[in-house]
Amino acid sequence: IPITASYFGGRSGQGRGRLVAHGLLYLMGLAVTNSVLGVAAALTGGLMGGLLQSPWVIGGVAAILMLSAASLLGLWELRLPGKLTQAAGRSYAGYGGSLFMGLTLGVVAAPCIGPFVLGLLTWVASIGSPRFGFLIFFTLSLGLGLPLFVLAMFSGSLNKLPRSGEWLLWVRKLMGWVLAGMAVYFLRPLISEAWWVALLAGVMLMAALHLGALDRTPATLRIFPWLKSIVWLAGILTAAFLVGFWAMQG
């Protein structure tokens, strides 16, 4: 966010039309990079499908996802060298500079979104559909890029925008629990159906308890308590549905 604000803040005097063009190129660069990653991962689907027949590979994938989840939950931190982060904030001239910034944003944001992207890449590769891989990562690009695009449009008046606040740490923890659920998903061929359902339901319950009840992240957003309540309720209901559905099938 600081890199985006500083980069587009220097262009706020160019006029809204040109600023929109720079922002769209920034978003396009991000979409191109992520979509190429998604298609490339899907094209390895055959290889990944063969590897995922090995219990050792399945266990390794699950372990990597759990390690990534631990990073998002704050148990360990991945940081890029300071010089690389500073270089990303330099003002590249022209529209090509905005496109380049978008193309390389994934590298700069790797400590924040890298673990989650790794989980998506593994999932897309296991499915093996290039069209699906493109769709998933293009959607990811829109979700990640649109807030940055809005930030770029208002970079000249940042004091009017909502402050990020510590509630974003809560969102990061939420993504960590999503990765933990994906790790359990990949363990399905290795364990019995009963254990798999129990583990997945357990992750849902722990996520609901952590994010909805135990987490004490302060926030000034009025909607934040509602978000925590929704996650708390969704986790409990999903866990109950999983257990109930398995019991009915059994």
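Residues numbered from 1 in each chain as written. Predicted model: local features only at pLDDT ≥ 70, side-chain atom pairs only at ≥ 80, totals over all residues. Heavy atoms only, no water.

A. Fine view of the confidence of the model for the chain. Predicted confidence across the chain gives a mean pLDDT of 76, with 71% of residues reaching 70 or more. Low pLDDT, under 50, characterises residues 158–162; the stretch is placed with four contacts to residues that sit more than four places away or in other chains. (pLDDT = per-residue confidence, 0-100. Contact = heavy atoms within 4.5 Å.)

B. How the structure looks around the packing of helix H11 (residues 193–214) against helix H12 (residues 224–249). Orientation of H11 relative to H12, taken along the N-to-C sense of each, is 165°, at an axis distance of 8 Å. Of the possible angle classes, the one that applies to H11 and H12 is roughly antiparallel. Once H11 is placed against H12, the crossing between them reads as left-handed. Across the interface between the two elements, Glu 193, Ala 194, Val 197, Leu 200, Ala 201, Met 204, Leu 205, Ala 208, Leu 209, Leu 211, Gly 212 and Ala 213 of H11 pack against Lys 228, Val 231, Trp 232, Gly 235, Ile 236, Thr 238, Ala 239, Leu 242, Val 243 and Trp 246 of H12. (Axes fitted to C-alpha atoms, helices over the stretch in contact; angles between N-to-C directions. Helix = DSSP H or I, 4+ residues; strand = E, 2+ residues; numbered from the N terminus. Parallel < 35°, antiparallel > 145°, perpendicular 65-115°, else oblique. Left-handed = near helix turned anticlockwise from the far one by under 90°.)

C. Looking closely at H11. Taking 1.5 Å of rise per residue, 22 residues should cover 32 Å, and H11 covers 30 Å from first to last C-alpha, within 8% of that figure. Taken residue by residue, H11 has Trp 196, Val 197, Leu 200, Ala 201, Val 203, Ala 207, Ala 208 and Leu 211 as its buried positions. Along the axis of H11, the buried positions cluster into a sector of 145°, meaning they face one direction only. Projecting away from the buried face of H11 at angles above 90 degrees are the exposed residues Trp 195 and Leu 214. (Expected span 1.5 Å × (residues − 1). Buried < 20%, exposed > 50% of the residue type's maximum accessible area, 1.4 Å probe, protein only. Arc of directions from axis to C-beta.)

D. Inspection of H12 at higher detail. Across its 26 residues, H12 extends 37 Å between first and last C-alpha, which sits within 8% of the 38 Å expected from 1.5 Å per residue. Listed in full, the buried residues belonging to H12 are Phe 224, Lys 228, Val 231, Gly 235, Ala 239 and Leu 242.

E. Summary view of the nonpolar core. Formed by 31 residues in total, the largest nonpolar core has its most connected members in Leu 65, Val 124, Phe 137, Trp 177 and Leu 179. When residues of this core are traced back to their parent elements, those giving at least two are helix H2 (16–43), helix H4 (55–72), helix H8 (110–127), helix H9 (130–153), helix H10 (167–186), H11 and H12. For this core, the leading source of residues is H10, giving eight residues. Ignoring any residue separated from it by four or fewer positions in sequence, one finds Leu 65 in contact with Gly 119, Leu 179, Met 182, Ala 183 and Phe 186. Among the nonpolar cores identified, the runner-up in size contains six residues, and Leu 30, Leu 105, Leu 148 and Leu 151 belong to it. (Core = buried A, V, L, I, M, F, W, Y, C linked by side-chain atoms within 4.5 Å.)

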